[in-house]
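A closer look at the structure
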Amino acid sequence: RVSSMEAPLILDPAIRDWVLIPIVIIMFLVGLLRNNVMKMMRKEVPPNRTQVQHNNQLMRARRLRANSIYIPPSAFAARKHYFVAKDSGILMQKMEA
């Protein structure tokens, strides 16, 4: 009586050469093909400079509001005035959509 733990699994060399090696090669080539197709279909549009600047200003204002407890009230008021002053505030200026 031979248990499955004692009997080694033997792979016929013909199966290895004619089945496993082509499957590995095909999977590798499919991966390369998929990668190249995804690169060709991806549209690389450089970001608009004014839009990036506006987004950065919004992030600065959001960080200022979130961390306002850590700076003196006069410093917060000066920074707030920089962002939301009626005539000259950065966030009050008209922006193209």
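Quick note: structure is the one above.
Only a predicted model underlies this, so the values are computations on that prediction, with no experimental measurement involved.

**Side note on the overall build of the chain**
Scanning the chain for helices and strands turns up 3 helices and 0 strands. Listing the helices and strands of the chain from first to last along the sequence gives α-α-α. In terms of overall size, the chain is more extended than a compact globule, its C-alpha atoms giving a radius of gyration of 31 Å where 97 residues would be expected to give roughly 13 Å. C-alpha extents for the chain along the principal axes are approximately 90 × 40 × 15 Å.

**Let's talk about the packing of helix α2 (residues 49–66) against helix α3 (residues 73–84)**
Following both chains from N to C, one finds α2 and α3 inclined at 150°, their axes separated by 11 Å at the closest point. Comparing the axis directions of α2 and α3 gives the class roughly antiparallel. Crossing geometry of α2 relative to α3 is assigned as left-handed. On α3, the residues touching Gln57, Arg60, Ala61 and Leu64 of α2 are Phe76, Arg79, Lys80, Tyr82 and Phe83.

**Points about helix α1 (residues 13–41)**
The α-helix advances 3.6 residues per turn, and as a result positions three or four apart in sequence lie on the same side. Its 29 residues place the ends of α1 41 Å apart at the C-alpha level, agreeing with the 42 Å of an ideal helix rising 1.5 Å per residue. At leucine 20, α1 shows its maximal kink, close to 25°; a proline, proline 22, follows between one and four residues later.

**Some words on the packing of aromatic side chains**
Counted by the stated rule, this structure contains 1 aromatic pair. Note on tyrosine 82 and phenylalanine 83: the rings are 5.2 Å apart at their centroids and 70° apart in plane angle, and the pair reads as edge-to-face. Relative accessible area serves as the criterion here: at 39%, tyrosine 82 is assigned to the partly exposed category. The class for phenylalanine 83 is buried, based on a relative accessible area of 6%.

**Structural notes on α2**
Along its 18 residues, α2 runs 26 Å from first to last C-alpha, staying within 8% of the 26 Å computed at 1.5 Å per residue. Turning to α2, its buried residues number three or more, namely His54, Ala61 and Leu64. Along the long axis of α2, the arc covered by the buried residues comes to 80°, so they all point the same way. Facing away from the buried side of α2 by over 90 degrees, the exposed positions are Arg49 and Ala66. Of the surrounding elements, those touching the buried residues of α2 are α3.

**Some remarks on the environment of arginine 65**
The topology assignment puts arginine 65 in helix α2. Note: C-alpha distance between arginine 65 and valine 19 (46 residues apart in sequence) is 64 Å.

Reading the values: rules and limits
- Residues numbered from 1 in each chain as written.
- Predicted model: local features only at pLDDT ≥ 70, side-chain atom pairs only at ≥ 80, totals over all residues.
- Heavy atoms only, no water.
- Helix = DSSP H or I, 4+ residues; strand = E, 2+ residues; numbered from the N terminus.
- Rg over C-alpha atoms; globule rule 2.2 N^0.38 Å.
- Axes fitted to C-alpha atoms, helices over the stretch in contact; angles between N-to-C directions.
- Parallel < 35°, antiparallel > 145°, perpendicular 65-115°, else oblique.
- Left-handed = near helix turned anticlockwise from the far one by under 90°.
- Contact = heavy atoms within 4.5 Å.
- Expected span 1.5 Å × (residues − 1).
- Bend = angle between axes of the 7 residues up to and from the residue.
- Phe/Tyr/Trp six-rings, centres within 6.5 Å; stacked < 30°, edge-to-face > 60°.
- Buried < 20%, exposed > 50% of the residue type's maximum accessible area, 1.4 Å probe, protein only.
- Arc of directions from axis to C-beta.

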